[in-house]
Amino acid sequence: MASRKEDPFLGSNDIKEDSEEEVKDKVREEGGAREMVLPAGNSIHRSGSRPQLDLSGAAIQGNNFEERDPTILLPNQSDDISHLALDIGGSLIKLVYFSRHEDRSNEDKRKRSIKEKLGVTNVNRRSYPILGGRLHFVKFETSKISECLDFIYSKQLHHGGMDSRLWLSKAPPSDNAIIKATGGGAYKFADLFKERLGVSIEKEDEMDCLVAGANFLLKAIRHEAFTHMEGQKEFVQIDHNDLFPYLLVNIGSGVSIIKVDGDGKFQRVSGTNVGGGTYWGLGRLLTKCKSFDELLELSQRGDNRTIDMLVGDIYGGMDYSKIGLSASTIASSFGKTVSENKELEDYRPEDISLSLLRMISYNIGQISYLNALRFGLKRIFFGGFFIRGHAYTMDTISFAVQFWSKGEAQAMFLRHEGFLGALGAFMSYEKHGLDDLMVHQLVERFPMGAPYIGGRIHGPPLGDLNEKISWMEKFVQKGTEIIAPVPMSPSGTTGLGGFEVPSSKGDTLRSDASALNVGVLHLVPTLEVFPLLADPKMYEPNTIDLSDHNELEYWFTVLSEHLPDLVDKAVASEGGTDDAKRRGDAFARAFSAHLAREELMEEPAAYGKLGLANLLELREECLREFHFVDAYRSIKQRENEASLAVLPDLLMEIDSMNEETRLLTLIEGVLAANIFDWGSRACVDLYHKGTIIEIYRMSRKKMQRPWRVDDFDIFKERMLGSKDKKPHPHKRALLFVDNSGADVILGMLPLARELLRRGTEVVLVANSLPALNDVTAMELPDIVAEAAKHCDILRGAAEAGGLLVDAVGSKDGLSSVPLMVVENGCGSPCIDLRQVSSELAAAAKDADLIILEGMGRALHTNFNARFKCDALKLAMVKNQRLAEKLIKGNIYDCVCRYEPAAAPAPAPA
């Protein structure tokens, strides 16, 4: 019987397993002895005297696989404040919270000068722009609500978070501390939150939150929606300008079907009382399973043909082709049991579970399509924790929609499927800023929360670096083996909020349950789409497809083999102290555990489309988590000094050449110097055979054309002209530099000097954060200043570009074209041009030449990218497999790929 007279078909978000009083009794037993109520000091309620959360410019973080649901980074957040919102359902509590991170801004006179020249204003430039604020997604079983309260208390989320202690201590006491919540539990457990945490819950409408959360995710997260057919997941790019209208089907205990016409514009058009609660309730009666996940696990081993009546059972194993029904189509769910003289115990629980799952999923899919047909909608999004990333459930729903629509409609699913309500509640805070976010301002990274290992083991909230290290030492082995479980809470705890091993079968998590993972959303308002991409919508940065299991396994092995050397360099960069060694060991354990994660090997798309760039960024993020800011610092300094010492002689040699020979020598120099890459095992081995100058000279001698990819002659004609074509210099060139030492000093700087000599403005584009031995935008001005001591061209250009801020002017008094340096907005050996710094975007507006140098930026990513301006891609291939796969060549082969500006798209008729 329906509990609400106005609509018998409920769409609750969760499947109920424990009564309110049972849960409250458990909480009081578990947590009653602990005094958790603090004097109410600071509410998260909207208040003019309280700092407000600024979410403009969001981005997802994702560098650890411990959580299924990612975190979001908010770089425009200037106040120390943490917001918290919950969706408290009958089965699960979903929690979304914002954490503020230290802002290490560093805006010196030189940077301000360059910004002024580029016309960049009102931008929060940071030396470490990845820091700022983040949105985290966590879940707990409602029956273990005590763990949720412990988690909130340990992080002080109800009082602004641990990051806000400074202003927290100064704020006046208040009795109106308020947090936002939706779901039935917002009413049920209001007294409990007041009793344990001293806060009041402000209830938000469940349907409003659901739609607000879905709209935000579909507009802001690039890899949010996907299709799932026959086990294959394919992400769908949603044009946020063409999002509405759509159908949102939320499958909880019952099913709500909502037609969404815009932000805040929606209506519940239908629903059904046959949903997740039906599956769990009947399944519990028929199979005696103790949990919803256990019932889903049973279905994976089931065979519904022993219970369901199929078309083939009726027609002697034949199809009913006249009406398009195959022999394997279900004619009647559970129909076969009618004609068999068997009792319940004669049927396998696995078969019952699968038959039940198919029956309910097919019906939900069919009812959803009929409603889409009713309103003329082709797009149907399914959400709710009934789905739980379960591959077979998604396949069944997809099949039903495809079958009844004859392939005209698509079932699509959401990675944050269970967090729509919590995210919507979060957005109900005033000035949340999420409405203004663009997809390029959201960077999703693998979650780097406790215990910083990804996947199988969960630990308590870790407050500082020492706690992280201690946890890694105690519970995680270095290498591929991970110890389980963590003896911190009662057995049977799911640990979904971060307290122990998710346990529905031994100490492992269902493979299906991990197939939809959500990282950390980093909100970075200073990121923009690179304006020179020929077609941003079609742009795909990654060249290597890691959905190929063999490719993924190979690159996992490469990263694992490189790990010992990386740890040695990281420890040495911190002076080789005992503390550095301990942190290095903890990093090795954490990163090994990331790479050993079985779910990622089995499901590369668990966190969205996975590319090599993501794995390389994961490594750098993991290093930073253990406070290794720049593992190759001392090596870079040493190589810079050695290269600067020989630069004057190299420039003198180059200047003695004629124009054509000089240009070829400069390109050869870039390719030869690109051999210095501490990310390549082959190159690391070379370092043991000679000095960097000896290696550079050896590399130069081997530079013989034709190269494996050789467009030099086309580039030469563009630069020098031909008999009947006069050359004209480029207006501005963007040079994306790679490694420190010889690579940038003996390779890219001489090339930049040649462009300057021809009257072209040059902008050197470098990493915002350290990654391997890559040069950073922080380091480049000092390198240029040293080089300028021996070169009038570089000195004049550096002065004109604001790099030599204390200079008194060039000796000859002539004005020079400027040489500038900007950061690219990332801290990885690769670059995704959909998300670059605002300074780089500003510099690109007047550029008509791009030079991408190095394997990471020109081969691993952007090899196939096309631009609105001329583009030159230069790299030495330092990996045999990549050489074979990408250019059908060998290790140390070279790429000189020149592509004239892409023709503009024709105007619409």
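What counts as what
Residues numbered from 1 in each chain as written. Predicted model: local features only at pLDDT ≥ 70, side-chain atom pairs only at ≥ 80, totals over all residues. Heavy atoms only, no water. Helix = DSSP H or I, 4+ residues; strand = E, 2+ residues; numbered from the N terminus. Buried < 20%, exposed > 50% of the residue type's maximum accessible area, 1.4 Å probe, protein only. Contact = heavy atoms within 4.5 Å. Areas by Shrake-Rupley, 256 points an atom, 1.4 Å probe, with all protein chains shown as cover. Polar contact = N/O pair within 3.5 Å; in protein donor to acceptor, adjacent residues only side chain to side chain. Pairing = 2+ DSSP bridges. Axes fitted to C-alpha atoms, helices over the stretch in contact; angles between N-to-C directions. Parallel < 35°, antiparallel > 145°, perpendicular 65-115°, else oblique. Left-handed = near helix turned anticlockwise from the far one by under 90°. Phe/Tyr/Trp six-rings, centres within 6.5 Å; stacked < 30°, edge-to-face > 60°. Lys NZ or Arg CZ within 6 Å of the ring centre and 35° of its normal. Core = buried A, V, L, I, M, F, W, Y, C linked by side-chain atoms within 4.5 Å. Patch = residues over 30% accessible without salt bridge, like charges linked within 9 Å, V, L, I, M, F, W, Y side chains within 5 Å. Salt bridge = Lys/Arg side-chain N within 4 Å of Asp/Glu carboxyl O. pLDDT = per-residue confidence, 0-100.

Time to look at the overall build of the chain. Secondary structure assignment for the chain yields 29 helices and 27 strands. Looking at the chain as a whole, 61% of its 909 residues are labelled buried. Across the chain, the fraction of contacts at a sequence separation of at least 24, relative to all contacts at a separation of at least 6, is 76%. Here the chain displays about 35,400 Å² of accessible surface, and carbon together with sulfur accounts for 50% of that area.

Attention now moves to the environment of R718. Here R718 lies in helix α23 (residues 712-720). Among the residues examined, R718 registers a relative accessible area of 17% and is labelled buried. As for R718 and P729, which are separated by 11 residues in sequence, their C-alpha atoms are 8.9 Å apart. Beyond its immediate stretch of four places on either side in the chain, R718 contacts H728, P729, H730, D870 and Y898. A distance of 2.8 Å separates a polar atom in the side chain of R718 from the backbone oxygen of H728. Within the structure, the side chain of R718 is placed 3.1 Å from the side chain of H730, a separation counted as a polar contact.

Read across the sheet, seven strands follow the order β9-β8-β16-β15-β10-β11-β12 without closing on themselves; strand pairing throughout is mixed. Strands at the two margins of the open sheet, each flanked by one partner only, are β9 (232-235) and β12 (265-272). Neighbour-to-neighbour, the strand axes of this sheet turn through a mean angle of 30 degrees, independent of strand direction. Bridge count between strand β8 (residues 225-229) and β9: four bridges; the pairing is antiparallel. Residue pairing across strands places T227 opposite E234, the latter belonging to β9.

Turning to the sheet that holds strand β21 (residues 732-736), a few remarks are in order. In spatial order, the strands read β20-β27-β26-β25-β21-β22-β23; together these seven strands make up an open sheet with mixed pairing. Two strands lie at the open edges of the sheet, namely β20 (709-710) and β23 (819-823), each paired on one side alone.

Take the packing of helix α3 (residues 145-154) against helix α6 (residues 190-197) next. At a closest axis distance of 11 Å, the pairing of α3 and α6 adopts a crossing angle of 45 degrees. When the interaxial angle is binned, α3 and α6 end up oblique. Seen from above, α3 lies across α6 with right-handed handedness. In this structure, α3 contributes I145, S146, L149, D150, I152 and Y153 to the contact, and α6 contributes L192, F193, R196 and L197.

Attention shifts here to the packing of aromatic side chains. Throughout the structure, instances matching the rule amount to 21 aromatic pairs. Considering the side-chain rings of F530 and F867, the 6.3 Å spacing of their centres and the 85 degrees angle between planes classify their relative orientation as edge-to-face. Placement of F530 in the loop between β19 (527-528) and α15 (549-573) and of F867 in the loop between α28 (855-860) and β26 (870-876) is noted, with a sequence separation of 337 residues between them. By relative accessible area, F530 is classed as buried at 1%. Pairwise contacts between aromatic rings join F226, F235, F382 and F413 into one cluster. The ring of W707 has R705 sitting right over it, with the charged end atom 5.5 Å from the ring centre.

Among the eight residues that make up helix α13 (residues 420-427), eight are buried, leaving the element largely enclosed by the rest of the structure. All of the buried residues along α13 are L420, G421, A422, L423, G424, A425, F426 and M427.

With that settled, consider unusual backbone geometry. Look at the link from F244 to P245: it is a cis peptide, with omega at -5 degrees. Position of P245 among the secondary structure elements: in the loop between β9 and β10 (246-251). Of note in the backbone geometry, K288 takes a positive phi value of approximately 65 degrees without being a glycine. Its location among the elements puts K288 in the loop between α8 (276-287) and α9 (292-300). The phi angle at F334 is positive, at roughly 65 degrees, despite the residue not being glycine. The residue F334 is located in the loop between β14 (330-332) and α11 (349-375) in this model.

Considering soluble globular proteins, one finds that nonpolar side chains tend to be buried as a cluster. Formed by 61 residues in total, the largest nonpolar core has its most connected members in I667, L735, L764, L819, I851 and L874. Ranked by residues supplied to this core, first place goes to helix α24 (residues 742-757) with 10 residues. Once you skip the residues sitting within four places of it in the chain, I667 turns out to touch W707, F712, F715, L751, L872, L874 and C896. By size, the runner-up hydrophobic cluster in this structure holds 60 residues, among which are I88, V138, V199 and F426.

It is worth spelling out the pairing of strand β3 (residues 84-88) at this point. The side chains of a regular strand alternate, first on one face of the sheet and then on the other. Most of β3 is tucked away: five of the five residues are buried. Burial of β3 is two-sided: the residues L84, L86 and I88 facing one way and the residues A85 and D87 facing the other way are all buried.

Our focus in this paragraph is a nonpolar patch on the surface. A cluster of nonpolar residues, I314, Y315 and M318, forms a patch on the protein surface that exposes about 320 Å² of accessible area. Among the secondary structure elements, I314 is positioned in helix α10 (residues 311-314). Owing to a relative accessible area of 48%, I314 belongs among the partly exposed residues under this scheme.

Taken as a whole and assessed by the stated rule, the structure comprises 41 salt bridges. A salt bridge links R583 to E574; its shortest N-O distance comes to 3.5 Å. Here the salt bridges share partners, and the residues they tie into one network are D655, E659, R662, R753, E754, R757 and R758.

In this model, the chain carries a mean pLDDT of 77, and residues with pLDDT of at least 70 account for 70%. When the criterion is pLDDT under 50, residues 1-20 qualifies, and its contacts beyond four places in sequence or with other chains add up to 62 contacts. Of the regions scoring below 50 in pLDDT, residues 479-516 engages in 109 contacts with residues more than four places distant in sequence or in other chains.

Within the fold, G185 resides in helix α5 (residues 185-188). When the C-alpha atoms of G185 and L92 are compared, they prove to be 9.6 Å apart, with 93 residues separating the residues in sequence.

Attention now goes to the environment of I714. For I714, the position within the fold is in helix α23. Classification of I714 by relative accessible area gives partly exposed; the value is 46%. Separated by 186 residues in sequence, I714 and P900 place their C-alpha atoms 9.1 Å apart.

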